Structure formats: C-alpha cells, structure tokens
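Coordinates in review
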There are 2 protein chains.
Amino acid sequence: MLDIALLGCGGMMPMPGRFLTSLFLRHNGRFALIDCGEGTQVSLRILGWGFKNIDVIMFTHFHADHITGLPGLLLTIGNSGRDEPLVLIGPKGLGVVVSGLTVVSREIPFELKIIEMEEATEFSIGDFMIKSLPLEHRTKCYAYSVTINRLAKFDLEAAAKLGVPKQMWSYLQRGEEVSHEGRTYTPDMVMGQARKGIKVAYCTDTRPVKSLPDFVRDADLFVCEGIYGDNDKIDKAREYKHMLFSEAARIAKEGEVNELWLTHYSPSLTKPEEFLYNATDIFSKTFLGFDRKNTTIKFEQEDIL
Amino acid sequence: MLDIALLGCGGMMPMPGRFLTSLFLRHNGRFALIDCGEGTQVSLRILGWGFKNIDVIMFTHFHADHITGLPGLLLTIGNSGRDEPLVLIGPKGLGVVVSGLTVVSREIPFELKIIEMEEATEFSIGDFMIKSLPLEHRTKCYAYSVTINRLAKFDLEAAAKLGVPKQMWSYLQRGEEVSHEGRTYTPDMVMGQARKGIKVAYCTDTRPVKSLPDFVRDADLFVCEGIYGDNDKIDKAREYKHMLFSEAARIAKEGEVNELWLTHYSPSLTKPEEFLYNATDIFSKTFLGFDRKNTTIKFEQEDIL
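All of these numbers come straight from a predicted model, not from anything done at the bench. Here, residues in each chain are numbered from 1, in the same order as that chain's written sequence. Throughout, the order in which chains and ligands are written sets their labels, letters from A for the former and numbers from 1 for the latter. Two thresholds apply to this predicted model, a pLDDT of at least 70 for residue-level local features and 80 or more for giving and counting side-chain atom pairs, whereas whole-chain, interface and lining totals are computed over all residues. Side-chain metrics rest on all non-hydrogen atoms present in the structure, leaving aside hydrogens and water.

Before going further, it helps to examine the overall build of chain A. Here a helix means four or more residues in a row that DSSP labels H or I, a strand means two or more in a row labelled E, and each is numbered from the N terminus. What chain A contains, in helices and strands, is 9 helices and 16 strands. In this treatment the radius of gyration is a C-alpha quantity, and the globule benchmark scales as 2.2 Å times the residue count to the 0.38 power. In terms of overall dimensions, chain A is globule-like: its C-alpha atoms have a radius of gyration of 21 Å, near the 19 Å expected for 305 residues. Across its three principal directions, the C-alpha atoms of chain A cover 70 × 50 × 35 Å. Any two residues having at least one pair of non-hydrogen atoms within 4.5 Å are treated as being in contact. In chain A, once contacts between residues fewer than 6 apart in sequence are set aside, the share between residues at least 24 apart is 65%. When the accessible surface of chain A is split by element, carbon and sulfur atoms take 48% of a total near 13300 Å². The accessible surface values rely on the Shrake-Rupley method and a 1.4 Å probe; as for residues, cover is taken only from the protein chains in view.

Residue and element names in this part refer to chain A. Simply put, an axis is a line fit to the C-alpha atoms, just over the touching stretch for a helix, and the angle between two N-to-C directions goes from 0 to 180 degrees. Between helix 1 (residues 40-47) and helix 2 (residues 70-79), the shortest axis-to-axis distance is 8 Å and the interhelical angle comes to 40°. The pairing of helix 1 with helix 2 is recorded here as oblique in orientation. Across from Q41, L44 and R45 in helix 1, the residues of helix 2 making contact are G72, L73 and T76. Split by residue class, the contact of helix 1 with helix 2 holds 2 nonpolar, 3 polar and 1 charged. Under this scheme an angle from 65 to 115 degrees is roughly perpendicular, one under 35 degrees roughly parallel, and one over 145 degrees roughly antiparallel; angles in between are oblique. In this classification, the charged set is Asp, Glu, Lys and Arg, the nonpolar set is Ala, Val, Leu, Ile, Met, Phe, Trp, Tyr, Cys and Pro, and all remaining amino acids, among them Gly, are polar.

This part takes up helix 3 (residues 94-101) of chain A. Buried means the residue's accessible area, taken with a 1.4 Å probe over protein chains only, is under 20% of the maximum for its type, while exposed means over 50%, and partly exposed covers the values in between. Among the residues of helix 3 of chain A, those classed as buried are L94(A), V97(A), V98(A), G100(A) and L101(A). Take helix 3 of chain A and look down its axis: the buried residues cluster within an arc of 160°, on one side only. Where helix 3 of chain A is buried, its residues touch helix 2, strand 5 (86-91) and strand 6 (112-117) of chain A together with helix 3 (94-101) of chain B. In this description, one arc is meant: the one made by directions from the helix axis to the C-beta atoms.

Before going further, it helps to spend a moment on the sheet that holds strand 7 (residues 122-125) of chain A. Two modes of strand pairing occur in sheets, parallel and antiparallel, and in both the strands are linked by backbone hydrogen bonds. Residue and element names in this part refer to chain A. Pairing is mixed across the open sheet formed by 7 strands, whose spatial order is 7-8-9-12-13-14-15. Each edge of the open sheet is held by one strand with a lone partner, namely strand 7 and strand 15 (286-288). Between one strand axis and the next, the sheet turns by 20° as a mean value, whatever way the strands run. We call two strands paired when DSSP finds no fewer than two bridges between them. Where strand 13 (residues 221-225) and strand 14 (residues 260-263) come together, 4 bridges link them in parallel fashion. Each residue of the ladder has a partner; that of E225, found in strand 14, is T263.

Put simply, chain A has an average pLDDT of 95, and 99% of its residues get 70 or more. What the predictor reports for the complex is a pTM of 0.91 with an ipTM of 0.89. Every residue gets a pLDDT, meaning the predictor's confidence in that residue, from 0 to 100.

Now for the sheet that holds strand 6 of chain A. Residues and elements named next belong to chain A. Spatially, the 7 strands line up as an open sheet ordered 6-5-4-3-2-1-16, and their pairing is mixed. Looking at which strands have only one partner, the edges of the open sheet turn out to be strand 6 and strand 16 (293-297). Recorded for the sheet is a direction-independent mean angle of 15° between the axes of neighbouring strands. As judged from the 4 bridges shared by strand 3 (residues 30-34) and strand 4 (residues 54-58), these two strands associate in the parallel manner. From the neighbouring strand, F31 faces strand 4, where its bridge partner is I54. Strands strand 3, strand 4, strand 5 and strand 6 of the sheet are contacted by helix 2, whose axis makes an angle of about 175° with strand 4.

Further remarks concern the pairing of strand 7 (residues 122-125) of chain B. All names here are of chain B. The side-chain alternation of strand 7 yields one buried face, formed by F123 and I125, and one unburied face, formed by E122 and S124. Here 4 bridges tie strand 7 to strand 8 (residues 128-134), and the two strands are oriented antiparallel to one another. Directly across from I125, in strand 8, lies its bridge partner F128. Between strand 7 and strand 8, which pair antiparallel one after the other, the connecting turn spans 2 residues, and G126 there sits at a positive phi close to 60°.

The next point concerns the relation of the copies chain A and chain B. Superposition of the copies was done by least squares, using only C-alpha atoms of residues whose pLDDT is at least 70 in both. Overlaying chain A with chain B gives an RMSD of 0.2 Å, the required rotation being 180° about an axis along which the chain moves by 0.0 Å. The transformation just described matches what one would write down for a two-fold rotation axis. The rotation axis passes nearest to the C-alpha of G100(A) in chain A, at a distance of 1.8 Å. Most of the interface of chain A is mirrored in chain B, where 100% of its interface residues are also at the interface.

With that settled, the discussion passes to the state of the cysteines. To count as a disulfide, a pair of cysteine sulfur atoms needs to be within 2.5 Å. Per the stated rule, a full pass over the model turns up 0 disulfides over all chains. Looking at the unpaired C141(A), the closest cysteine sulfur is the one in C203(A), lying at 7.5 Å. Residue C9(B) stays outside any disulfide, its sulfur separated by 14 Å from that of C224(B), the closest cysteine. Classification of C9(B) as buried rests on a relative accessible area of 5%.

On to unusual backbone geometry. Residues T204(A) and D205(A) are joined by a peptide bond in cis, for which omega reads -5°. For D205(A), the position within the fold is in the loop between strand 12 (195-203) and helix 6 (212-216). One non-glycine residue, D218(B), lies in the positive phi region at around 65°. As for its placement among the helices and strands, D218(B) is situated in the loop between helix 6 (212-216) and strand 13 (221-225). Judged by relative accessible area, D218(B) falls into the partly exposed class, the value being 45%.

Residues and elements named next belong to chain A. By convention in these notes, a salt bridge is any Lys or Arg side-chain nitrogen within 4 Å of a carboxyl oxygen on Asp or Glu. Inspection of the entire model under this criterion finds 22 salt bridges over all chains. Notably, a salt bridge pairs R217 with E256, separated by 3.2 Å at the nearest N-O pair. One end of the pair, R217, is in the loop between helix 6 and strand 13; the other, E256, is in the loop between helix 8 (245-254) and strand 14, and 39 residues separate them in sequence. Judged by its relative accessible area of 52%, E256 is exposed.

This next bit is on the packing of aromatic side chains. All names here are of chain A. Ring pairs shown here join Phe, Tyr and Trp side chains whose ring centres sit within 6.5 Å, with only the six-membered ring taken for Trp; geometry is labelled stacked below 30 degrees between planes, edge-to-face above 60, and tilted in between. Using the criterion set out here, one finds 8 aromatic pairs over all chains in the structure. Arranged with centres 5.9 Å apart and planes meeting at 35°, the rings of F24 and W49 form a pair that is tilted. Here W49 lies in the loop between helix 1 and strand 4 and F24 lies in strand 2 (residues 22-27), a separation of 25 residues in the sequence. Owing to a relative accessible area of 0%, F24 belongs among the buried residues under this scheme. Ring plane angle 55° and centroid distance 6.0 Å describe the contact between F245 and Y265, whose orientation is recorded as tilted. Here F245, found in helix 8, pairs with Y265, found in the loop between strand 14 and helix 9 (277-280); they are 20 residues apart in sequence, far enough to count as distant. Here the aromatic residues F24, F31 and W49 are joined through ring pairs into a cluster of three or more. Of note, R26 hangs over the ring of W49, and the distance from its end group to the ring centre comes to 4.2 Å. A positively charged side chain is recorded as over a ring if its NZ (Lys) or CZ (Arg) lies within 6 Å of the ring centre. The angle to the ring normal must also be within 35 degrees.

Residues and elements named next belong to chain B. Summarising the element assignment, R82 is placed in the loop between helix 2 (70-79) and strand 5 (86-91). Polar contacts here mean pairs of N or O atoms no more than 3.5 Å apart (in protein, one a potential hydrogen donor and the other a potential acceptor; neighbouring residues in sequence count only if both atoms are side-chain atoms). A distance of 2.8 Å separates the side chain of R82 from the backbone oxygen of I54, its partner in a polar contact. One polar contact links the side chain of R82 to the main-chain carbonyl oxygen of E84, over a distance of 3.0 Å. Filtering out sequence-adjacent residues up to four positions away, R82 remains in contact with R30, K52, N53, I54, D55, I77, P109 and F110.

This paragraph deals with the environment of K271(B). All names here are of chain B. Topologically, K271 is positioned in the loop between strand 14 (260-263) and helix 9 (277-280). The exposure class assigned to K271 is partly exposed, which follows from its relative accessible area of 45%. Distance from K271 to W49, taken between C-alpha atoms, is 29 Å for residues 222 residues apart in sequence.

Structural data, given as structure tokens:
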C-alpha cells in the first residue's frame, strides 16, 4: 500500500491555512517528497508521519514557492537523527540552487546526493520507481510519477507440484534462482503474471503538454495544478504558463486516471469550490485538494493474499 | 506612537501554531522588521498590517530560523508593488547569505541595500533610530534597539511673544531657521526641552552579556529570548549559548525597562506558562510572548498636544 498526503494546496506564496503545494508519499516506512516550499515542514509536522525516513526529495522547478522550505527541512531532518544519504532530484542547476539555499544550513549530519536532469529520466530509490517528464513553464519544470511495483502472484499449486521446499519460496518470489537436491528452480516456474502496482502522478506548474495524458495514464491518483477555476482566466493562465481546473480535468480524462486532485491555487482563488464544476463536468472523479488531504491506496485485492 | 507585533515566539524550527521569533514595528505608516524565519510572511499576513512599506529588515544572525523566510518575503513585498529600495542590516557576511538565499528570487523589483556590521553601530532609517550591540552566541549575533525620537515641545507663548508668523512654526519645530520682515528666528528661541521618545529593544540568541542592561536601559518594551523556563536547564543554555527566563528577567530588572516579553522558546518548551514565575519573581512586569502579541506605545502625554 501507499500513503499519500498533499501537504499544501497553494501557489505563489504561503497563506494562512494554505501551505504551498507539496506531496508526501509513504511506503513501507520510507518517505518520498515532491516540492518543498516555505512552511512545508510545518504541514509535515502537523501530519505527524515523521521526518527521518525521507529518502528522496523531487523538485519540479526552482521557483521560490517550490523550494525555499528546503534549508529548514534539512535541519529538521538532521535533528530527527538521520545520518543516511538523502537524494535530491531536480532540473539542471539543482546543485547551484541547493548550495545557495543551504548557505545558512551547512552543518547537516547526512550526505546530499544531488541529481540534475536534462531530459525525461527514470530513477529507482528504494521501492519508489520514479519517472519525470519535461513540462512547459516559465522555467525548466518537470512532472513526476511514482510507482510502487508489485511482485507477481506466487503460484502455490505449481510450487507444491514441483516439490520446491517451502523455505525457498521467498527467494523465488524475489526473482532468485534456487537449487535443492540436484534440481534447479527458476522464478518463471512458480510466478504468475505481473500484477498492477500503484501509480501516483504529480504535475505543476505548466501549460498542458501533449505527452501528459500518456505520462499520467492509468494513475491511481493524479495530483495536478489548477491555478484558476474560472475558464475566463485562460489568457492569464497562458501568460504565466499555468493550467485551469478544466485543463487539468481534460488531461485526467484523456489519461484515464482513477482520481484527480486539484492543487496550486492562486492566492486570488479563495473559494475553489465555486469552480469545481468546471473540472467535474469533464472528469467526474475530480476532487479539490486541501492541506493534508490524504489517502491510502492499496494494491488490487491486497487483503486477499 | 509605535505599533509593535511579535510575529512568532519559537526558536529552532517553525511549529504548528508557533512561528519563528520576529518583531514587526510600525510608525507613521512605515515598517521595520527584525529577523525573518520560515513562515514569518504568513504571520505578517495574518496580522494584516501590509508588506509594501517595510523599509528595513534587521538580522540578529544567520542561523536558519532567523533568516530563511527572506527570499519568500522579498517576493511578496515585490508583489505588493514596492519599488523603493529596502535596507537589510546584519552581521558581516550578510551579502553572501542574501545572495545565496535569493538564488531562487533574483527578480525582485526593488533595490536591496545591504549593510554589514563589524561592531556596535547606529543607523537612522526614516524615523527608526537603530542601535546594535554584539552578543555572545555560537555565531556573530547582534541585539537591536529601535527608538522613535520625539520633537521637543513647541513653546506657543514664546513664539507669539516674538511675533513669529504661525505659518513658520512648523519649520522651527523641524529644526529649521526662518526669516520674516528682516528678523531671523532660530529653533532654540521657541523649542522647549527634549522629550522622551519610544524605545524598544530586541535580544536573541545569546548568553547574558555585561553591556546588555545598559543597552536596553529604560526601554518601553524589551523583547528577549528565554529558550528554557526551567532554571535546571542552565547547562544546556550555556552549551548552546542561550538564555533562561530568569536570565532575561535579570537583564530587564537591571536595565530598568518598563516591560519584558519573553520569546524564542525551545520546541521542547510546550508550556512556557508553567515557568513564567521564574521570570516574574525577578521582574514582575514580564509577559509571555505569543504569535502576534501586539501593543501600541504612545509618547508620554501624546494625546495632550
């Protein structure tokens, strides 16, 4: 299963009751974070899932509302007792930006592994299978998808029939070959078809990009910016390279995602609920993001093992 | 008169319901700010006094909890329409720190005037008469006092007796010489004795310093750190170069200030009220700071002009 929390739903500047857009993921006790604006660590503290086990922080881009919370968060992670390395992923220039921002937090008791992207890239950080996609904003910006893969189902009957000793089943399940009394067993002998994992996609700040529907395709959850709810604000959205509620909904529909959460509201959008219909008319399973809106997504039939 | 608001009362990291320690001053529609940690701009927005007219930001030192809110605040000030220069004052190294932190906010539509101090210094920014004092922390750190001077009282009787035309009174009051029908009038002819201004002192983070009582002497308000309330934590206070409630109170008493507000509580100090007696036993007019605790200090007899 994967726990997901939207730490904030605002864009541009932190507002009372509305922290900046950031997504937090938890799987098997390890965490991944996407974006970290001013105040993200406060929302994370209210959420109460902890700081120590954050293994990767992904940055969409370097506008202040997506990254200025980093130096404070790094110190707080340090205070939590972490000493393992922490991976930071972002567009080209991340090293320079991190070096600048951490001018006041040099004494972090763990290593920072900085990865700069120049194009769509894939990463594997623990169980988090990460993909990125270049977007169209006023600066280099990337969308991310995070997938938790699931092992194929173990065919108990086949294993019993072949006579594989039970203590060797877990090795086969993990994809390893085993030998017993002169016979060799390979995973394909006992593993069924691949099973669906859990996929979450996160996209802000951008104009709609042609490749987005395919990038988010079949996501269990798609978290997407909707800076304005009102369709009449399309000129402003185009000028500042952002998306309307309706544009996010069209991507969700075309990408056949399961559920869409809107986020990154303009400070001027004080009542996003008044415009939700502009999205639900296109994609009915659209929900308004709010600070610490969270959910748990299970693998299909996860309870029936 | 001078309006004063404590924007936060926490130290080390921003906590739910407790922003980082920062003081905001308003006089004649112009603002001065001391320290700007992560989230300071949110507290300022809740307070609602505005952003545009901040003319000076003073930094005590460069630990993250006192300065990482700067890049976000600068962008928000820019969004408010400001185009006048903004003065930043801090210890030596301020330029490098500001340059690092603003790596993500280079496009600010106003000039930054950076002033680095190497010793106790005096500044005059508009009506804000600022003094600094070196402290004893783990890094270079300064206390600040801000004084609003008051014009001497205008002697109406003397002015009438001398025959100075009424339309010239305001020039004399501002310290200018005037001439009328061949006669010259100087301010000393009509101005009474100097009158008491309003003084606020702000001190965090430090061990008690010998010169502090004189520095804060006769302040109408002394805002001072008290990282721990419990006197038993003196070893920890010494190790990390901070002050106890009782130590702040002794400075307030010795400096004969009018009122003391405690601030910069450790995140571990969840109930500062349980330890207030450790300060009030020494200095009875001690009050616990809290987010957006504010007051207005008037000149003596300000209503009787």
